[in-house]
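Understanding the architecture of this molecule
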Amino acid sequence: MIDHTIAARLVKLIGARKMNDIDMEQARMEALGDEIARLRKLGICTHGHLQGPPGKPVLTCLDCGTEFGSHQEVNESRRHLLNE
Ligand SMILES: [Zn+2]
């Protein structure tokens, strides 16, 4: 599960400086990267590297070989894995 509270904790650590939207997005992306790395260490693929032949709806994950019928299918799988 992604730690969505990391940005709030960073606000406390930084103190006087107010976090802007870019800081918040950076913290969110770092938390997402940490979660993807954690899942990878557990042997769970989040299907980040996809390839599909032109003109065909099939997308294949280059990391684990899972085939998907559409980008929507991939996104649903990633959302489920990353609990977004
Ligand atoms: Zn995969």
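Structural notes, computed from the coordinates. (Residues numbered from 1 in each chain as written. Predicted model: local features only at pLDDT ≥ 70, side-chain atom pairs only at ≥ 80, totals over all residues.)

1. Considerations on the overall build of the protein
Assigned secondary structure in the protein consists of 3 helices and 3 strands. From first element to last, N terminus to C terminus, the protein shows the α and β order α-α-β-β-β-α. Looking at the 84 residues of the protein, the share that counts as buried comes to 0%. Across the protein, the fraction of contacts at a sequence separation of at least 24, relative to all contacts at a separation of at least 6, is 35%. (Helix = DSSP H or I, 4+ residues; strand = E, 2+ residues; numbered from the N terminus. Buried ≥ 20, exposed ≤ 12 C-beta atoms within 10 Å, placed from the backbone. Contact = placed C-beta atoms within 7 Å.)

2. Details of the sheet that holds strand β3 (residues 67-68)
A sheet is described by the order of its strands in space; here 3 strands give the open sequence β1-β2-β3, paired in antiparallel fashion. Edge positions in the sheet fall to β1 (50-51) and β3, since each of these pairs with one other strand and no more. The pairing of β1 with strand β2 (residues 59-61) spans 2 bridges and is classified as antiparallel. Opposite Gln51, over in β2, you have Thr60 as the bridge partner. (Pairing = 2+ DSSP bridges.)

3. Focus: helix α3 (residues 71-82)
Given 3.6 residues to a turn, an α-helix orients residues that are three or four positions apart in the same direction. Compared with an ideal rise of 1.5 Å per residue, which puts 12 residues at 16 Å, α3 spans 16 Å between its outermost C-alpha atoms and is within 8% of the ideal. Residue Asn83 follows α3 closely and has a positive phi angle near 55°. (Expected span 1.5 Å × (residues − 1).)

4. Some points on helix α2 (residues 21-41)
Counted at 1.5 Å a residue, the expected span for α2 with its 21 residues is 30 Å, and the 30 Å between its end C-alpha atoms agrees. At the C-terminal side of α2, Gly43 shows a positive phi close to 85°.

5. Section: the environment of Gly52
Among the structural elements, Gly52 can be located in the loop between β1 and β2. For Gly52, a count of 15 C-beta atoms within 10 Å puts it in the partly exposed group. With 17 residues separating them in the primary sequence, Gly52 and Gly69 have C-alpha atoms 9.9 Å apart. Apart from residues lying up to four places away in sequence, Gly52 is in contact with Val58, Leu59 and Thr60.

6. Focus: unusual backbone geometry
For His47, which is not glycine, the phi torsion reads 55° and is therefore positive. In this fold, His47 is placed in the loop between α2 and β1.

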